[in-house]
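Here is how the chains run, residue by residue.
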Amino acid sequence: MSTLRDIVYEKAREGELYEKLDRNRVRCFACGHCCPIPEGQLGVCKVRYNRGGTLYVPWGYVGGVQCDPVEKKPFFHAYPGSLAYSFGMLGCDLHCAYCQNWVTSQALRDPNAISSPLEASPELLVRDALRQGAKILVSTYNEPLITAEWAVAIFKEAKTAGLITGFVSNGNGTPQVLEYLRPWVDLYKVDLKSFDDRHYHELGGRIGPILDTIRTLHQMGIWLEIVTLLIPGFNDSEAELRGLTEFIAAVSPKIPWHLTAFHKDYKMDDPDDTRAEDLLRAADIGRQAGLLYIYAGNLPGMVGGLEDTCCHHCGKVLIKRHGYFVEDYQITPEGKCPSCGTSIPGRWAPRFEGQVTDRPFLPRRSSRLVTILQ
Ligand code: SF4
């Protein structure tokens, strides 16, 4: 019987995001750790490894697939109502105690994280996405940067089939990986977890590469939304939120900022769950920093108008939401406010065709994706 560790070693092929060093070592560029990896060793993510002076990277499987409303990723300014066919692999370059995808992200570090990978190919995944009615294909659940080569192989196939592609990522990138992704990724969500480098060290990273990723993605013209999981006592001080929102506004005040409510999960069960009033206070700080599109999630119906998209010029409600459910859609085919004609930042379909689903579901009739662990 195969173990997850066997799968990491067997379902792999030579990567593209690395350089060879002396003494058979390699340096990986897929994430901000830029690990120098000695022969026979794994990188920090535990899925990329050096064998004989060659870097091997994950290939040919998914840790899981799910059909999500695009609003769940969350993208609120990218093809509202669309279905986002979402796949993940295994492993992560960080180890956040509050991770809400820990079953796949920590599968190789934590013996309590059990997941069952599925055999997959780019053709199979794209065919399945189309069969489910997806418009968007998203690499998510674990950290997609550490499996960037596999994501690009899938996205090449997806683009040929006319699909939009996206990353849901912690943003711990490098110039090399972002340049590598640039032709193939349309949408990018960065999880900006904190504005304090000490907090990032607790999670196993550094803030510098994440801020650089945000700046670079915006410069590259990849559609970017940012999410911050607001955790009482961890990242919700006024000073930290002020710094964080002023940073985003300096990159562009039109970048949507999603605040989501923390609930006790994985190993972080000390802080209280986030209340609606905590989200509203943080949103206020973001507004003072100049952000034009602020959303509050995970507490449907409890955050006033912070689930809706309103024109940043005249205030008209353009998209009305309850949780992931799109109740009303008013944006013109040209992506403008029908009231004042202002262009609304985002990626808009020529017309809103209704919402495929407002809740996640497992792919229907996708029996071709078979489990590897028997
Ligand atoms: S993806 Fe990141 S953590 Fe993994 S080997 Fe490469 S640099 Fe290291």
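Keep in mind the model is a prediction, meaning the values are calculated, not measured. (Residues numbered from 1 in each chain as written. Predicted model: local features only at pLDDT ≥ 70, side-chain atom pairs only at ≥ 80, totals over all residues. Heavy atoms only, no water.)

### Thoughts on the overall build of the protein chain
Rules: Numbering of helices and strands runs from the N terminus; a helix is a DSSP stretch of H or I covering at least four residues, while a strand is a stretch of E covering at least two. Exposure classes here rest on a 1.4 Å probe applied to the protein chains alone. A residue is buried below 20% of its type maximum, exposed above 50%, and partly exposed in between. Contacts are assigned to residue pairs with any non-hydrogen atoms lying within 4.5 Å of each other.
Summing up its helical and strand segments, the protein chain has nine helices and 19 strands in all. In terms of overall dimensions, the protein chain has a C-alpha envelope of 60 × 45 × 35 Å along the principal axes. Counting over 374 residues, the protein chain shows a buried share of 59%. Taking the intrachain contacts of the protein chain between residues at least 6 apart in sequence as the baseline, contacts between residues at least 24 apart amount to 68%.

### Details of helix α8 (residues 238-251)
Worth spelling out the cut-off: What a helix should span is 1.5 Å times the count of its residues minus one.
Compared with an ideal rise of 1.5 Å per residue, which puts 14 residues at 20 Å, α8 spans 20 Å between its outermost C-alpha atoms and is within 8% of the ideal. Every buried residue belonging to α8 is among E240, L241, G243, L244, T245, F247, I248, A249 and V251, and all of these are buried. Contact partners of the buried residues in α8: α6 (197-203), α7 (207-220), β14 (223-230), β15 (257-261) and α9 (276-289).

### Some details on the sheet that holds strand β1 (residues 12-14)
Worth spelling out the cut-off: The pairing criterion for strands is at least two bridges between them, as found by DSSP. Fitting a line to C-alpha atoms yields each axis, with helices limited to the stretch in contact; the angle taken between N-to-C directions then spans 0 to 180 degrees.
In space, the three strands of this open sheet follow the order β1-β6-β5, with antiparallel pairing throughout. Each end of this open sheet is capped by a strand with a single partner; those strands are β1 and β5 (49-51). For this sheet, the mean angle separating the axes of adjacent strands, direction not counted, is 40 degrees. Examined bridge by bridge, β5 and strand β6 (residues 54-58) share three bridges and lie antiparallel to one another. Opposite N50, over in β6, you have L55 as the bridge partner.

### Considerations on helix α4 (residues 148-160)
One turn of the α-helix equals 3.6 residues, which is why residues spaced by three or four share an orientation. The terminal C-alpha atoms of α4, which comprises 13 residues, lie 18 Å apart, in line with the 18 Å expected from a rise of 1.5 Å per residue. For α4, the set of buried residues is A148, E149, W150, A151, V152, A153, I154, F155 and A158. Immediately downstream of α4, the backbone of G162 shows phi near 85 degrees, a positive value.

### A short note on the pairing of strand β19 (residues 325-329)
For strand β18 (residues 317-322) and β19, the ladder comprises four bridges, and the chain directions are antiparallel. Bridged to I319 within β19 is Y329. In this structure, the hairpin formed by β18 and β19 is closed by a connection of two residues, where G323 is found at a positive phi of approximately 60 degrees.

### Some points on the layout of surface pockets
Selection criterion: In the cavity and pocket records, a cavity denotes points on a 1 Å grid over the protein atoms alone where a 1.4 Å probe fits but cannot get out, a pocket denotes an open set with protein on both sides within 12 Å along at least 5 of 7 lines, and lining residues are residues with an atom within 4 Å of a point. Grid points are joined across faces, edges and corners, and a volume is the space filled by probe spheres set on the points. Residues are grouped as follows: Ala, Val, Leu, Ile, Met, Phe, Trp, Tyr, Cys and Pro are nonpolar; Asp, Glu, Lys and Arg are charged; every other residue, Gly included, is polar.
When its volume is computed, the second largest pocket comes out at roughly 260 Å³. If you go around the second largest pocket, you meet 15 residues; those closest to its centre are S82, K135, A349, R351 and E353. Split into classes, the residues belonging to the lining of the second largest pocket amount to eight nonpolar, four polar and three charged.

### Thoughts on the site of the ligand
Where we set the bar: To be near a molecule or strand, a residue needs just one of its heavy atoms within 4 Å of it. Placement in a cavity or pocket follows one criterion, namely that more than half of the molecule's atoms lie within 2 Å of its grid points.
Residues in close proximity to the ligand include C28, A30, C31, H33, C34, C35, I37, G43, V44, C45, R48 and I146, which together make up its full environment. Of all the cavities here, the one that holds the ligand is the largest cavity. Class assignment for the residues of the shell around the ligand results in nine nonpolar, two polar and one charged.

### Considering the packing of α8 against α9
Using the following cut-off: Oblique is the label for any angle not covered by the other classes, which are roughly parallel (under 35 degrees), roughly antiparallel (over 145) and roughly perpendicular (65 to 115). When the near helix sits turned anticlockwise from the far one by under a right angle, the crossing is termed left-handed; a clockwise turn instead gives a right-handed crossing.
Where α8 contacts α9, the axes come no closer than 8 Å and their chain directions differ by 45 degrees. Classed by the angle they form, the pair α8 and α9 counts as oblique. Along this stretch, α8 crosses α9, giving a crossing that reads as right-handed. Taking contact as the criterion, the partners of E238, L241, R242, T245, E246 and A249 in α8 are, on α9, R281, A282, I285, G286, Q288 and A289. A breakdown of the residues in the contact of α8 with α9 according to their chemical character gives five nonpolar, three polar and four charged.

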